[in-house]
Each structure stands twice: as C-alpha cells, then as structure tokens.
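Structural overview for review
The chain contents come next:
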Amino acid sequence: MSLLHLLWTTFRRQRIRYWFIGLSVFYVVYCVSHGMPLLSSNLPEYTGEYDVGTIDLELPINPPRRIGDVIYKKNSKPAFEVDTVLFSLFYPATKGEISRQEKHLWVPKPIGLHAEGYAKFAHADNWVVRKLISLGLWSLAGGTAVPAQVDVKMHGTVQSTKEYHGQDEQPDDAYGLPKFPVIVFSHGQASSRTSYTQYCAELASRGFVVAALEHRDGSGPGTILMRNRTMKQLLHFGASELHPSPDVPELKKLQLDMRQAEVEECVNILRRINAGEGLEIYHHNPRHEGQVLPEWRNRLDLKRIVMGGHSYGATLALQALKGAPSHALPFAGGLILDPGKSSGPLNHDIDVPVVVVHSQSWSSKMSIFHGRPHFEVVKGLVQSITADRKKLAWFLTAKATTHPSVTDAPLIQPFLLSWTTGATIDVREAVHQYVQVSHDFMKYLEDGHRRGVLKEEVSHPTYNEQTREIINKDIAKFWQVHVAPTTFCPYPGLCGIEEDK
C-alpha cells in the first residue's frame, strides 16, 4: 500500500471526526465573538395580545425590618433584615415600543457571585469549583437576555413620560384607562427573581402585572443589595454560619418570615405607585429604572391582587394567605405551584380561592411530610378551603412535567433539562399550560366564571388513579384533577360553569 493511499484511507476514516471538530471550533469561535453562551437557546417571544415591559425596582426600607435576633458569626450583623426590597415588574406595554436600554440578562452580572452561591449550596466553596461553575453558567446561559422591553410605557398610556419630569404633581390617569390585576410571585430555593421570567412575562402579555420578588433570606445563590449609592453582595448561607445556630425548623421559620416581610413591603410600594408616587419611587431606585412609573397612577387593580409562588415560594404564598385579605396582605387568591416538601409546614388557614398545581414529578414521588404523604397533606388543605370556608379551590397535576418545568431553565437548555429531570412534555407547552391555568384562575376572580381545566370535575382522586374521564381531550392530555368544586348547580350559572371563550 502506497503512502498516499494510506493517508487517503486514514483521512476517509477520520473525516467525520474532523468535520465534527471543525464545526465545534467554528461554533465556539462564533459564540465567543458574538458574546453568546454556548449550548443554549434564546428565551422565546411572548404569545399574548400585549407587548411586555419590565422594570427592576429596589427601594430602601426605613427603618429596616429585622426578623429575629440571629446574627452572622463573621461580622455580628443581623442575618435576617429587610434593608431594601428588590423585585422585577412585568407588565402589558404599549404596542411596538422599543426601549433604549439594554435588555435584562437572565443571569445578572457578576456571574461569579452566582457561581460562589451555587458552590456554597454544593458544600464545595473553593476557587476551583467557583471557576468551574462560572464557566458552566456562562456556557449554558451567560448571555441569555429576557425578551421584555425595559422601562417602556404601560399599555394605555395617554401622555409622554417627559411631560411628567420636573412636575410636582403626578399625572391623573382617571380617564377610563384599563386597570390590570396584580400577581406577587415568590421564587423557590436556589432561585432568584429571574428564574421564572417566561411564566411572569407570558402572564403580563395576557393583561396582568407581575411583581417577581428577589428574596434575601439566604435561600438564593446570590444577590446584590443596593442602597445609598453602595453595593453589597449577599450569598447563600446555612445555619452553621449563624449565631445562635438555628435548627432546621427555626431556620425555615426565619426565612419564611423574612420572605413575608419582603412581600408586605412589595405590596406597600405597589400601593404607592398606584397612588401616584411613581416619580418619587423612580428617583429613589438605585437601579435607575422606572421613569414611566408616574404614568401608572390608578392603573393597578389592587382589589384583585394574588399571591403566587413555586416550591419554597409556594410555601411562602400559603403562609401569606393566612388572614387574607388584610391590609398588610390584601390577597384575593393564591397560585400555588409545587408547594415545598422540605420548607416547613403548609398553612391551612386560608379563606380565599386557591389553585394548587403539582408537576407530575411532585405528585408521583411519594414523600413523607410531617408524618403523612405530602400529596395527602396538600389534598386535605385544598379540600378544607372549599368544605370549611366555602371558597372555590382546586388541586391539579400537570402531566409529563417535572419540578423545573415552570422555570426558564428548560427553555434555555431543553435537551439537558429534559434528559436530567425526565420531563417528556415539550418545554414551551409546559410553560403554556402553567400560564393558561393561572390566566383562567385570574379570570375566575374577575367574573366568577370557570374556564378550561378549572371547570372540570375530579378525575383522579389520587395521582394516576382515574375514576372519571375528562371528555375534553386537550385538557385530558395535560391534566389530572384531584380536588375541584362540584359542577352541580341548583340554578344555571350559580357555580360559574361557562363555555370557553
């Protein structure tokens, strides 16, 4: 065999490998040169009738609210103190308006802060692990942007923002302009306010204002607190870093109480915006967003404000519904997604309508929760709202979903997340189903009419044990109904069963 023939034969055998290596090098060079993360997908555009705007707000709390007497061992400062409250607003925006500001990054800078927080979660906080996690975060989502336009006008605005600056009085928008119901949303463990942007923004595109909180209770990887022109990095922390060191139940209680204080302060700010203090709030926001807030006077429907959350945030949402509606917690309903299995007891004292949605992984995996199966605890909670308080409540399972399905992560990494979590539903369809049931619940609070899966009878009293067929195939494909108000009505329309529109 000649040398030339040997070289040619070797090349033919290796050409697939060469082609793959060449394509990979090209892809890496392209991503680096364009500032794009490797291996990720962009977040999709929103599908509702409205364009979507977003504003990051951080306001000081005076005086700061201290929760408990626990301090950090390293500096003796309070561990649970609400110094500022930070949240992202998602809202229906004026059609076609393009912001001059850069879109928000899904992983806010600096990435190293989040990497250090995740390293602490993994109990492997060292230089090597932090660098590896930083590289991983950048590769998977580093340059991913949230599609919502930053600080653009709310849908229905009748004046330009420039007309308000420098004026002592706020604009009076009492012109019959649309008011939008409000959802306050609490994130889960190891998450942040940006973890659910697709869910929140899709609801905004359907006519709701969503305030996605960032909790500073040590349950997130990392966050930057901004106040008085100073910036302070806050990281995840555990009980061993505190004095006196709380046990697990006490730590959960402290975290949930701090989260509730942040919810209350968020509600206060929303009230101030609605009362016409948008310009003052903009001037006190160190993140320099919110110049359109003067236009929001009387634009929030605070009679239909709902508390929502996922996982740890769902546990907090249930706690925030205790005694609601009240002045501090004026919630008219609850959107409860995968209430926590290790985040403390679930509050049963609820006197408003609630919809609880489990992912399939949450319902299918039997977990003992305070001496009982978690599924049965949640089922009993929902049943008591209807039986004891005579309020409509639902308990559903979203089929083929897993715990992260409502978050942005599967949209950014669809193949990786489907492979690692076992979700079989299309990632966009999963978010759509969560958005649709949330939309239908919000519309029920508006007009008393039940739509979609919310007008179905119980189909599965226990997970995967069917006693009744759901006739609507589009609903049956995605849902199991465990608890639902009866559709039997002594008079037409009494229980809100209407044809879908």
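For the structure, see preceding data.
Let me begin by describing the structure that accompanies this report.

About the criteria used
Residues numbered from 1 in each chain as written. Predicted model: local features only at pLDDT ≥ 70, side-chain atom pairs only at ≥ 80, totals over all residues. Heavy atoms only, no water. 1 Å grid on protein atoms, 1.4 Å probe; cavity = no way out; pocket = protein on both sides within 12 Å on 5 of 7 lines; lining within 4 Å. Points joined across faces, edges and corners; volume = space filled by probe spheres on them. Helix = DSSP H or I, 4+ residues; strand = E, 2+ residues; numbered from the N terminus. Nonpolar A, V, L, I, M, F, W, Y, C, P; charged D, E, K, R; others polar. Pairing = 2+ DSSP bridges. Axes fitted to C-alpha atoms, helices over the stretch in contact; angles between N-to-C directions. Parallel < 35°, antiparallel > 145°, perpendicular 65-115°, else oblique. Left-handed = near helix turned anticlockwise from the far one by under 90°. Contact = heavy atoms within 4.5 Å. Salt bridge = Lys/Arg side-chain N within 4 Å of Asp/Glu carboxyl O. Buried < 20%, exposed > 50% of the residue type's maximum accessible area, 1.4 Å probe, protein only. Phe/Tyr/Trp six-rings, centres within 6.5 Å; stacked < 30°, edge-to-face > 60°.

Here the focus is the layout of surface pockets. By volume, the largest pocket is sized at about 860 Å³. The greatest single-element share of the lining of the largest pocket, amounting to 5 residues, is contributed by helix α3 (residues 127-141). Its residues assigned to classes, the lining of the largest pocket comprises 18 nonpolar, 16 polar and 2 charged. Elements with a contribution of two residues or more to the lining of the second largest pocket: β1 (51-66), β3 (81-93), α2 (111-121) and β7 (222-227). A per-element tally of the lining of the second largest pocket places β7 first, with 4 residues. Classifying every residue of the lining of the second largest pocket gives 11 nonpolar, 9 polar and 8 charged.

Attention now goes to the sheet that holds strand β12 (residues 354-359). Strand pairs in the sheet, formed through backbone hydrogen bonds, run parallel or antiparallel to each other. Reading across the sheet, the 10 strands line up as β4-β1-β3-β6-β5-β10-β11-β12-β15-β16 and stay open at both edges, with mixed pairing between neighbours. Single-partner strands in this sheet number two, and they are β4 (149-150) and β16 (479-483). Where strand β11 (residues 333-337) meets β12, 4 bridges bridge the pair, whose relative direction is parallel. Directly across from Leu335, in β12, lies its bridge partner Val355.

With that out of the way, let us pick up the packing of helix α4 (residues 197-204) against helix α12 (residues 427-447). The geometry of α4 relative to α12 is characterised by a closest axis approach of 10 Å and an angle of 45° between their N-to-C directions. With respect to α12, the element α4 is oriented oblique. Taken as a pair, α4 and α12 cross one another with a handedness that is right-handed. Where α4 approaches α12, its residues Gln198, Tyr199, Glu202 and Leu203 are matched on the opposing element by Val431, Tyr434, Val435, Ser438 and His439. Of the residues that constitute the contact of α4 with α12, the class distribution is 5 nonpolar, 3 polar and 1 charged.

Now for the pattern of salt bridges. Summed over the entire model, instances satisfying the criterion amount to 23 salt bridges. Here Lys120 makes a salt bridge to Glu241, at a shortest N to O gap of 2.9 Å. Note that Lys120 is positioned in helix α2 and Glu241 in the loop between β8 (230-235) and β9 (242-243), a separation of 121 residues in sequence. With relative accessibility at 18%, the residue Lys120 sits in the buried group. Across the salt bridge formed by Asp351 and Lys391, the nearest N and O atoms sit 3.2 Å from each other. Taken together, the residues Asp351 in the loop between β11 and β12 and Lys391 in the loop between α9 (374-389) and β15 (393-398) connect sequence positions 40 residues apart. On the accessibility criterion, Asp351 (32% relative accessible area) is partly exposed. Salt bridges sharing partners connect three or more residues here, namely Asp301, Arg304, Lys443 and Glu446.

Bringing the environment of Leu337 into the picture now. Looking at where Leu337 falls in the secondary structure, it is placed in strand β11. Apart from the residues lying within four places of it in its own chain, the contact partners of Leu337 are Phe185, Tyr199, Gly309, His310, Ser311, Ala314, Val357, Val406 and Tyr434.

Inspection of every chain in the model, using the stated rule, returns 10 aromatic pairs. Note on Tyr72 and Phe237: the rings are 5.3 Å apart at their centroids and 85° apart in plane angle, and the pair reads as edge-to-face. Of this pair, Tyr72 sits in strand β2 (residues 71-72) while Phe237 is found in the loop between β8 and β9, placing the two residues 165 residues apart along the sequence. Taking the relative accessible area as the measure of exposure, Tyr72 reaches 15% and is therefore buried.

In short, geometric facts, not functional conclusions.
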